[in-house]
Amino acid sequence: MDVPALESERRFFEAALLLEGDSRERFLREIRARDTELEARIRALLAAHDRPELSPAALQSPALASAILEAPALETPAPRPSEPQRVGPYRLLERVGEGGMGVVYVAEQTEPVRRRVALKLIKGVTYSREQLGRFHSERQALALMNHPNIARILDAGSTEDGRPFFVMEYVRGALLLDYCDRHELSIDQRVELFIQVCEAVQHAHQKGVIHRDLKPSNLLVEEVDGKATPKVIDFGVAKMLYQRLSDVTLHTRLGGFIGTPGYVSPEQAQTTGLDVDTRTDVYSLGAVLYELLTGRKPFDFRGADLGEIQHILANRDPKPPSARSRQNDPQAHEPEAHDRQRRQAGADGRFRSLREDLDWITLKALEKDRSERYAAASELAADLRRYLEHETVLARPPSTTYQLRLLARRHALLLAVGTLAILALVTGTVGTWLGMVRARDAAERAEVNAAIAEEVNGFLNDDLLAAVAPGQMGIDVSMREVLDRAAQRVEGRFPNQPLVEAALRRTIGRTYGSLGVFTDAEQHLLRSLELFNRERGAEASSTRALHFELGTLYRAQGRLGDAELALERARATEGVPRDALQRGRLDELSLAALEELAIIRHQSGRFEEAEALYLQALDGRTALLGREHPDTMRVLGRLAIAYRYLERWPEAERIHREAVAVNQVHFGEEHPRTLNAISRFAAFYLGWGRNEEAEGLLQRALAPSRRVLGEEHPNTLILVNNLGWLYLKQGRYGESEQLLLENLRVKRRVLGELHPSTVEGLQNLVILYREMAAEHQHAKYLRRFAETLEKVCDGPEARTEDRLEYAEVLLTAEVTELRDPDRALSLALAAVEATDRQDREALAVLARAYEAVGNPERAVDVAREALQLSTEGSEVHTRLQQLLVSLKREPPRRPLHDESI
Amino acid sequence: MSQSELDDLTHLLRSVRSDSDEAREELYERVYRELKAIAGAHLLSERPDHTLQTTALVNEAYLRLAPGDEQWQNRAHFFGSAAHAMRRILVDHARRHRSLKRGGEAERVTLADLVILTEEPDLDLLALDEALDALAKQEPRLAEVVNLRYFGGLHISETAEILGISLATVKRDWAFARAWLLDRMS
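## Describing the overall build of chain B
Turning to step 1, where the next piece is worked out: Counting secondary structure elements, chain B contains nine helices and zero strands.
Turning to step 2, where the next piece is worked out: Along chain B, from the amino end to the carboxyl end, the secondary structure elements read α-α-α-α-α-α-α-α-α.
Turning to step 3, where the next piece is worked out: In chain B, which comprises 186 residues, the proportion classed as buried is 48%.
Turning to step 4, where the next piece is worked out: Taking the intrachain contacts of chain B between residues at least 6 apart in sequence as the baseline, contacts between residues at least 24 apart amount to 59%.

## Describing the overall build of chain A
Turning to step 1, where the next piece is worked out: Each helix and strand counted, chain A has 39 helices and 11 strands in total.
Turning to step 2, where the next piece is worked out: Evaluated residue by residue, chain A yields a buried proportion of 42% over its 901 residues.
Turning to step 3, where the next piece is worked out: Pairs at least 24 residues apart make up 59% of the contacts formed inside chain A by residues separated by at least 6 positions.

## Let's talk about the packing of helix α23 (residues 541–557) of chain A against helix α25 (residues 588–603) of chain A
Residue and element names in this part refer to chain A.
Turning to step 1, where the next piece is worked out: In contact at an axis separation of 11 Å, α23 and α25 are set at 25° when each is read in the N-to-C sense. As the angle between them shows, α23 and α25 are arranged roughly parallel. Between α23 and α25 lies a crossing whose hand is left-handed. Where α23 abuts α25, its residues Ser-541, Arg-544, Ala-545, Phe-548, Gly-551, Thr-552 and Arg-555 lie against Leu-589, Ala-592, Ala-593, Glu-596 and Ile-600.
Turning to step 2, where the next piece is worked out: When grouped by side-chain class, the residues that make up the contact of α23 with α25 number six nonpolar, three polar and three charged.

## As for the sheet that holds strand β8 (residues 219–224) of chain A
All names here are of chain A.
Turning to step 1, where the next piece is worked out: An order of β7-β8-β9 is seen for the three strands of this open sheet, with the pairing classed as antiparallel. Looking at the sheet topology across the chains shown, the edges are occupied by β7 (174–175) and β9 (227–232).
Turning to step 2, where the next piece is worked out: In the packing of helix α7 (residues 187–206) onto the sheet, contacts are made with β8 and β9, and the angle to β9 comes to roughly 35°.

## Considering the environment of Glu-790 of chain A
Turning to step 1, where the next piece is worked out: For Glu-790 of chain A, the position within the fold is in helix α34 (residues 775–792).
Turning to step 2, where the next piece is worked out: Once the C-alpha coordinates of Glu-790 of chain A and Ala-807 of chain A are considered, the two residues, 17 residues apart in sequence, prove to be 9.9 Å apart.

## Observations regarding unusual backbone geometry
Residue and element names in this part refer to chain A.
Turning to step 1, where the next piece is worked out: The residue Glu-184 is not glycine, and still its phi comes out positive at about 45°.
Turning to step 2, where the next piece is worked out: Topologically, Glu-184 is positioned in the loop between α6 (176–182) and α7.
Turning to step 3, where the next piece is worked out: Phi is positive for Glu-647, which is not a glycine, with a value near 55°.
Turning to step 4, where the next piece is worked out: On the secondary structure map, Glu-647 appears in the loop between α27 (630–645) and α28 (649–667).
Turning to step 5, where the next piece is worked out: Judged by the 10 C-beta atoms lying within 10 Å of it, Glu-647 is exposed.

## What to know about helix α38 (residues 856–869) of chain A
Residue and element names in this part refer to chain A.
Turning to step 1, where the next piece is worked out: The end-to-end C-alpha distance of α38, which contains 14 residues, comes to 20 Å, matching closely the 20 Å that a straight helix rising 1.5 Å per residue would cover.
Turning to step 2, where the next piece is worked out: Inspection of α38 places Ala-859, Val-862, Ala-863, Ala-866 and Leu-867 among the buried residues, and these make up the whole buried set. Along the axis of α38, the buried positions cluster into a sector of 145°, meaning they face one direction only. For α38, the exposed residues lying more than 90 degrees away from the buried face are Glu-857 and Gln-868.

## Describing the nonpolar core
Turning to step 1, where the next piece is worked out: Grouped together as the largest cluster of nonpolar side chains are 174 residues, with contacts concentrated most on Ala-807, Ala-828, Leu-846, Ala-847 and Ala-849 of chain A together with Leu-181 of chain B.
Turning to step 2, where the next piece is worked out: Setting aside chain neighbours within four positions, we find Ala-847 of chain A in contact with Ala-859, Val-862, Ala-863, Ala-866 and Leu-883 of chain A.
Turning to step 3, where the next piece is worked out: Core analysis: the next-biggest nonpolar cluster, separate from the first, contains 64 residues, Met-168, Leu-289, Tyr-290 and Leu-358 of chain A among them.

## Some remarks on helix α37 (residues 840–852) of chain A
All names here are of chain A.
Turning to step 1, where the next piece is worked out: In a regular helix each residue adds 1.5 Å, so 13 residues correspond to 18 Å; α37 covers 18 Å between its end C-alpha atoms and thus fits that length.
Turning to step 2, where the next piece is worked out: In terms of burial, α37 is largely enclosed, as 12 of its 13 residues are buried.
Turning to step 3, where the next piece is worked out: What α37 keeps buried is the set Arg-840, Ala-842, Leu-843, Ala-844, Val-845, Leu-846, Ala-847, Arg-848, Ala-849, Tyr-850, Glu-851 and Ala-852.

## Observations regarding the environment of Leu-846 of chain A
Turning to step 1, where the next piece is worked out: For Leu-846 of chain A, the location among the structural elements is in helix α37.
Turning to step 2, where the next piece is worked out: For the pair formed by Leu-846 of chain A and Ala-807 of chain A, sequence separation is 39 residues and the distance between their alpha carbons is 8.7 Å.

## Comments concerning the confidence of the model for chain A
Interpreting fine coordinate detail is not advised for predicted regions of low pLDDT.
Residues and elements named next belong to chain A.
Turning to step 1, where the next piece is worked out: This prediction gives chain A a mean pLDDT of 74; 70% of its residues lie at or above 70.
Turning to step 2, where the next piece is worked out: Across chain A, helix α11 (residues 279–294) holds the top mean pLDDT of 92, while helix α9 (residues 248–253) sits lowest at 27.
Turning to step 3, where the next piece is worked out: Confidence drops under pLDDT 50 across residues 326–353; counting only partners more than four residues distant or on other chains, this segment forms 34 contacts.

## Considering the packing of helix α30 (residues 691–709) of chain A against helix α31 (residues 714–730) of chain A
Residue and element names in this part refer to chain A.
Turning to step 1, where the next piece is worked out: Two numbers describe how α30 lies on α31: the axes approach to 9 Å, and their chain directions differ by 145°. In this structure, α30 meets α31 at a crossing whose hand is left-handed. Between α30 and α31, the residues in contact are Asn-691, Ala-694, Glu-695, Leu-698, Ala-701, Leu-702, Ser-705, Arg-706 and Leu-709 and Asn-715, Thr-716, Leu-719, Asn-722, Leu-723, Leu-726, Lys-729 and Gln-730, respectively.
Turning to step 2, where the next piece is worked out: Grouping the constituent residues of the contact of α30 with α31 by class yields eight nonpolar, six polar and three charged.

## Some remarks on the environment of Asp-317 of chain A
All names here are of chain A.
Turning to step 1, where the next piece is worked out: With respect to the helices, strands and loops of the structure, Asp-317 is situated in the loop between α12 (306–315) and α13 (321–326).
Turning to step 2, where the next piece is worked out: On the neighbour-count criterion, Asp-317 (15 C-beta atoms within 10 Å) is partly exposed.
Turning to step 3, where the next piece is worked out: Taking the C-alpha atoms as reference points, Asp-317 and Pro-298, 19 residues apart in sequence, are found 8.5 Å from one another.

## Focus on the pairing of β9 of chain A
All names here are of chain A.
Turning to step 1, where the next piece is worked out: By the bridge criterion, six bridges tie β8 to β9 in an arrangement that is antiparallel. What sits directly across from Val-224, in β9, is Lys-227.
Turning to step 2, where the next piece is worked out: Adjacent in sequence and paired antiparallel, β8 and β9 are bridged by two residues, among which Asp-225 carries a positive phi angle near 50°.

## Some points on the confidence of the model for chain B
All names here are of chain B.
Turning to step 1, where the next piece is worked out: Chain-level pLDDT for chain B is 69 on average; 55% of the residues reach the 70-or-more range.
Turning to step 2, where the next piece is worked out: Per-element averaging of pLDDT across chain B places helix α5 (residues 111–114) at the bottom with 39 and helix α9 (residues 167–185) at the top with 90.
Turning to step 3, where the next piece is worked out: The model gives residues 1–7 a pLDDT under 50, and that stretch makes two contacts with residues more than four places away or in other chains.
Turning to step 4, where the next piece is worked out: Ignoring residues within four places in sequence, the model shows residues 46–50, a span with pLDDT below 50, making 14 contacts including any to other chains.
Turning to step 5, where the next piece is worked out: For this predicted complex, the interface confidence score (ipTM) comes to 0.78, while the overall pTM stands at 0.41.

Each value, and the rule that gives it
Residues numbered from 1 in each chain as written. Chains lettered and ligands numbered in written order. Predicted model: local features only at pLDDT ≥ 70, side-chain atom pairs only at ≥ 80, totals over all residues. Helix = DSSP H or I, 4+ residues; strand = E, 2+ residues; numbered from the N terminus. Buried ≥ 20, exposed ≤ 12 C-beta atoms within 10 Å, placed from the backbone. Contact = placed C-beta atoms within 7 Å. Axes fitted to C-alpha atoms, helices over the stretch in contact; angles between N-to-C directions. Parallel < 35°, antiparallel > 145°, perpendicular 65-115°, else oblique. Left-handed = near helix turned anticlockwise from the far one by under 90°. Nonpolar A, V, L, I, M, F, W, Y, C, P; charged D, E, K, R; others polar. Pairing = 2+ DSSP bridges. Expected span 1.5 Å × (residues − 1). Arc of directions from axis to C-beta. Core = buried A, V, L, I, M, F, W, Y, C linked by C-beta atoms within 7 Å. pLDDT = per-residue confidence, 0-100.

In structure tokens form, the structure reads like this:
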């Protein structure tokens, strides 16, 4: 393999790393189209990248010292250490492992009984009398442990030359995880085995022994009389061998034993952590349980060093096990068999609730703050038994802080307090139902009212509220749970009351939609639509309302064509003539549909069409609500944006002026709304290049914004930034610098280093100092800008505009050591891929990156591609043409390398 | 260490900087001896359960050999040597253990034989050694990043400082080199 091949591999590998899922796949296919071999290489590298080995944290082990000591002197060959044949009454059969201080052998005991044992022999280090004395007293402590699930210490002593050894029960078994997988144990069977492990650990704790290194490789399963019996091995050996319990503090102060990443508790992983107590074992048990349930460790520490591990343990929460095992995670060997079993045992809702019980239990054991954990291994075992007995587990409900974190993380998907979830459903359903009743005449109303009310009440009471009966699901019930239950029960429940079913399904569908569960949402809405359509006809407002629901759902899914169709149906009905608008008779539903349609056109760049719809909506809103109503003003604001895209500046100007005036009259000069309208107006003038007007407005709003909203309010930040930018353009550098520096300082403090707005503030300073020709300051801020962008672009979720901005810096930085065309190329490739090759800016940057790495042919191709996407006469178009001209004129350049040796 | 020995070392590090093979070899030997001395002291100390980490080990060796010498060029040579020494020690160790194992050559020697408290049961050290040599022939810097990070136990920032490259470059070098090595070893 030659050197350029490695470089190109690297470039594509890095670009692929920036992409995820489908876009990575597309990217790889694109490579294949050009070079199948390269594609195979990149796939192999990506696969290797995901493997756990070669972690920088790996070489941290007690075994290191002995490995080093055993290393030969540089000149002389290694003397082979003599392997003993016999230790006391034990004949050594096979060396099976080596640890920090000792070597483990399988040995045969000849007297008083003949049996296999495991013997751990201390390596050839002389022990002081004191150490040996300690060793013996510790042996006694170990001997106290007598539990069927702990591999017993059978004997301890020292060899003729004074080397201490331990003899342990030899466990003829398989590793716990392997055993469970091989025997395809169900979740409940796994939990049963695990409870025995907890009991063993509890036993040791009662004897004052902390294991501190519980992990799957220390847990074996042996079949005793045909019954699976877990055995904890290496129990306390590390601790008992080397230190007394009373010495813990002293020893850990000096660095201490760290433990195994993936299982070690946060407090134990902190090298400064002085007091590790039995709850550290509870955490490790939680981690083992997690892996038993999901096939995965709570955290992925691949590639992490000790500092990173400590950081993750202290700051991140593990995903709930059920979320881990359900994800499309082919590597997780989830024991699915159990699921079927549990499903058969009860309704799906009940099953889900059981899965959540296990989530709570596992996460409680894994709490960062040990006071939130189970206080003892026995409590963990007891809660698991409650799970097995279908009783309410103690882990539920969780601590308040935990609940809030979870809520934030899963968005709105889970966990509203039970009564609230029910209330939402009740209100939604009753609302729909009232709407229906209103549409009918008075005589029918009473009848329908009574009938539907009874049905709906019955449904809510018998079918939904039953879900929160005491002892069934606990006090906390998630919205999703209630919803799933409702969805399940509504089917076939109302054969003779289609309207009740329609109303319920509408509520269910729309609630699913707001939770982001689109497929279920669509299914229920379509069924509801069908029922309304059949019972009430296509023109009925309830039917149209369903079209509207579906339209907004499709828009949320990005199915714009479907959305337009549905919204047109919600709007254009025979019963409501289109010119009703002019007479201010358009109903709320049609107006809402109109606005949605306008937004769709706007979003897809059809600004003229959007304008027409906005104008209609505007008239309707004005007639219905008045000009100053926030809903009317919102439509006006969107219209102004459309005008700006159409470069119809004066029309947009008129709207902005009106918006400021309306707000001023209704709310006063210093009201936040007025201030916001002024800043938008000013930003508009800046975009138009009308600097004087912009300045007047900025200055008018700045002082009250600072006073009323405060220095850190987004509106104030925007005003300061824009005024600084304006001064920059006017060459008033001193004033500009002052404002922009202040702005950056506040943004950094309030929004953080990597917030887009902070990055923009930094960029403005780079531009300012470049304009000022302040070389030193410019270089300083440019460096900082590049560093920040590096952090921002690190990872697959980076924004396209940031990647392009960074690529731009890497291609053109005046500080030449910042230039890195290779990196720019990776970024540009990722940006182009993320925008489906449809973004001309991204393509333009890619073309220049190809040029910079010395590939003018590709540069020309890509520049042409970009040219086709841009309108003639636009700025991008001109730049691309210039690029093409220069590419054709200049001879190909040699590749630029930044730091490769 | 006596004052004259210290002067000696400073002198030695300077000569390494001036690119003398002899000085480099000598530095390597000193570091190697020092690592062994620290490991020995470690096992005899009153805190034998203390987990020895490459990071701590290498840094301790540096402090013992070169107190007060904060010049980064010197640090770079030192840590380079230390990482190579660690690699040699571990690879030798693995090689010896392979010959001890029944069956001999055919068996892979993994870190699991060596290190019970790590999570790298499947890493074949000898294969890694070989792959690293191959990588060094093509991209010496990538191999050096792996040496420093993996065998020298250095953090990203230290590696960047010692090689005089940016943090981001070290991260990218590491990611690519790691994938390349693992792929080659498989």
